[in-house]
Amino acid sequence: MEYLLQLAASPAAWVALATLIVMEIVLGIDNLIFISILTNKLPEAYRTKARRIGIGMALILRLGLLGTIAYIVQLTTPVFEVLGQAFSWKDMILIAGGLFLVWKATSEIHHSMSPEVEDKTAGVSSRVALGFAAAIGQILMLDLVFSIDSIITAVGMTEHLPIMVVAVVVAVLVMLLASEPLAKFINENPTVVMLALAFLIMIGMTLIAEGFGAHVPKGYVYAAMAFSATVETLNIVARRVRDKRQAALLK
């Protein structure tokens, strides 16, 4: 208790907490985009449930990993070398997660360009169950990748476990609050889906590069995402203004 009171009275601890919360929220954007795109493919009645389960699992994974910090830190220790390039467990997890993201985003783009005709003879309940189970499984896999990246970042920014726990909980709560509006926005604007999938490919390639030891400053990645999102926002506003003008002319 005395330790917590000392932390609460330390200005440096509050600065570290605020900084870490912002970092965790930013790192959670990737995870949230993936969850939103994936759950929007489910029947509407299952979307909110799947999003809550996905984000809830992200919180459980992050808190669970915080409880094994000593082991998580060891994930950065090289396990083997190939042609002079050392690989740790973290590197292998990042590479696997990056490859999965690239594959998933590419397949989603392909599906949106040439959607397959659903088999109308199949039972609706079985398709829903399989889709829901598959969505949760894919969310869980990416939750693990993003959670490990998130916790290693937290360990690198502060040595105080309570600060890490509070930052992670706050960031996941923000994700939970933002999930519904983001998913709705993506669902109502089809062009945003393509942009978000392009983001996921870029993030996947970044994870692969990180796994091979090529550090990509996160600021560059998020600056590119922010610029693209701004351009797409202007396009959406322009389309809405044009539609209103056309509707007014028709009247």
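It should be emphasised that the depicted structure is a prediction, and the values quoted were computed from it without experimental measurement.

Draft legend 1. Molecular detail of the overall build of the chain. Helices and strands together make up the secondary structure of the chain, namely nine helices and two strands. Counted from the first residue to the last, the chain has its helices and strands arranged as α-α-α-α-β-β-α-α-α-α-α. Burial status across the chain gives 38% buried among its 251 residues. In the chain, the proportion of contacts linking residues at least 24 apart, taken out of those at least 6 apart, comes to 81%. For the chain, the accessible area works out to roughly 14,200 Å², and carbon and sulfur atoms hold 70% of it.

Draft legend 2. Quick peek at the side chain of Arg-62. As for its position among the elements, Arg-62 is in helix H3 (residues 44–66). You can call Arg-62 buried: its relative accessible area is 3%. Each residue touching Arg-62, except ones within four places of it in the same chain, is listed here: Glu-24, Asn-31, Asp-143, Phe-146, Ser-147, Ser-150, Ile-151, Val-168 and Val-172.

Draft legend 3. Inspection of the packing of aromatic side chains at higher detail. Summed over the entire model, instances satisfying the criterion amount to four aromatic pairs. Consider the rings of Phe-100 and Trp-103, whose centres lie 5.8 Å apart with planes at 40°: the pair is tilted. Of the two residues, Phe-100 and Trp-103 are both situated in helix H5 (residues 89–113); the distance of three residues between them amounts to about one turn of the helix. Classification of Phe-100 as buried rests on a relative accessible area of 12%.

Draft legend 4. How the structure looks around the nonpolar core. Core analysis: the largest hydrophobic core is formed by 52 residues, its most contacted members being Phe-34, Leu-101 and Leu-200. Breaking this core down by element, the ones donating at least two residues are helix H2 (11–39), H3, H5, helix H6 (124–157), helix H7 (161–188), helix H8 (190–211) and helix H9 (218–250). Setting aside residues no more than four positions away along its own chain, Leu-101 makes contact with Phe-34, Leu-142, Phe-146, Leu-200, Ile-203, Gly-204 and Leu-207.

Draft legend 5. Local environment of the packing of H2 against H3. Relative to each other, H2 and H3 sit at 145°, their axes nearing to 10 Å. With respect to the hand of their crossing, H2 and H3 are arranged in right-handed fashion. Seen from H2, the contacting residues are Glu-24, Asn-31, Leu-32, Ile-35 and Thr-39; seen from H3, they are Arg-47, Ala-50, Arg-51, Gly-54, Ile-55, Ala-58 and Arg-62. In the contact of H2 with H3, the residues fall into five nonpolar, three polar and four charged.

Draft legend 6. Geometry of a nonpolar patch on the surface. Taken together, Val-79, Phe-80, Val-82, Leu-83 and Trp-89 make up a surface patch of nonpolar side chains, about 540 Å² in accessible area. It is strand S1 (residues 78–82) that contributes the most residues to the nonpolar patch, three residues altogether. Following the sequence through the fold, Leu-83 ends up in the loop between S1 and strand S2 (85–88). For Leu-83, a relative accessible area of 88% translates into the label exposed.

Draft legend 7. Quick look at the pairing of S1. Bridge analysis of S1 against S2 gives four bridges, and the strand direction is antiparallel. Bridge pairing in S2 links Val-82 to Gln-85. Remark: two residues form the turn of the hairpin made by S1 and S2, two consecutive strands paired antiparallel; Leu-83 in that turn has positive phi of roughly 55°.

Draft legend 8. Main features of the pattern of salt bridges. The full count for this structure, using the stated rule, is three salt bridges. For Arg-51, the salt bridge goes to Glu-180, with nearest N and O atoms at 3.2 Å. Linking Arg-51 in helix H3 with Glu-180 in helix H7, this pair joins segments that are 129 residues apart in sequence. When the shortest N-O distance is used, the salt bridge between Asp-243 and Arg-242 registers 3.8 Å.

Draft legend 9. Seen up close, H2. Spanning 29 residues, H2 covers 41 Å between terminal C-alpha atoms, matching the ideal 42 Å at 1.5 Å per step. The axis of H2 is deflected most strongly, by about 30°, at Ile-29.

Draft legend 10. Structural detail: the UniProt feature "transmembrane region" (unreviewed entry) in the chain. When the UniProt feature table is mapped onto this chain, "transmembrane region" (unreviewed entry) is found at residues 12–38, 59–80, 86–103, 124–148, 160–179, 191–213 and 219–238. Secondary structure content for residues 160–179 is 95% helix and 0% strand, and the end C-alpha separation is 29 Å. Helix makes up 91% of residues 191–213 and strand makes up 0%, while its end C-alpha atoms are separated by 34 Å.

Procedures and definitions
Residues numbered from 1 in each chain as written. Predicted model: local features only at pLDDT ≥ 70, side-chain atom pairs only at ≥ 80, totals over all residues. Heavy atoms only, no water. Helix = DSSP H or I, 4+ residues; strand = E, 2+ residues; numbered from the N terminus. Buried < 20%, exposed > 50% of the residue type's maximum accessible area, 1.4 Å probe, protein only. Contact = heavy atoms within 4.5 Å. Areas by Shrake-Rupley, 256 points an atom, 1.4 Å probe, with all protein chains shown as cover. Phe/Tyr/Trp six-rings, centres within 6.5 Å; stacked < 30°, edge-to-face > 60°. Core = buried A, V, L, I, M, F, W, Y, C linked by side-chain atoms within 4.5 Å. Axes fitted to C-alpha atoms, helices over the stretch in contact; angles between N-to-C directions. Left-handed = near helix turned anticlockwise from the far one by under 90°. Nonpolar A, V, L, I, M, F, W, Y, C, P; charged D, E, K, R; others polar. Patch = residues over 30% accessible without salt bridge, like charges linked within 9 Å, V, L, I, M, F, W, Y side chains within 5 Å. Salt bridge = Lys/Arg side-chain N within 4 Å of Asp/Glu carboxyl O. Pairing = 2+ DSSP bridges. Expected span 1.5 Å × (residues − 1). Bend = angle between axes of the 7 residues up to and from the residue. UniProt positions renumbered as here; feature names shortened; annotations may be inferred.

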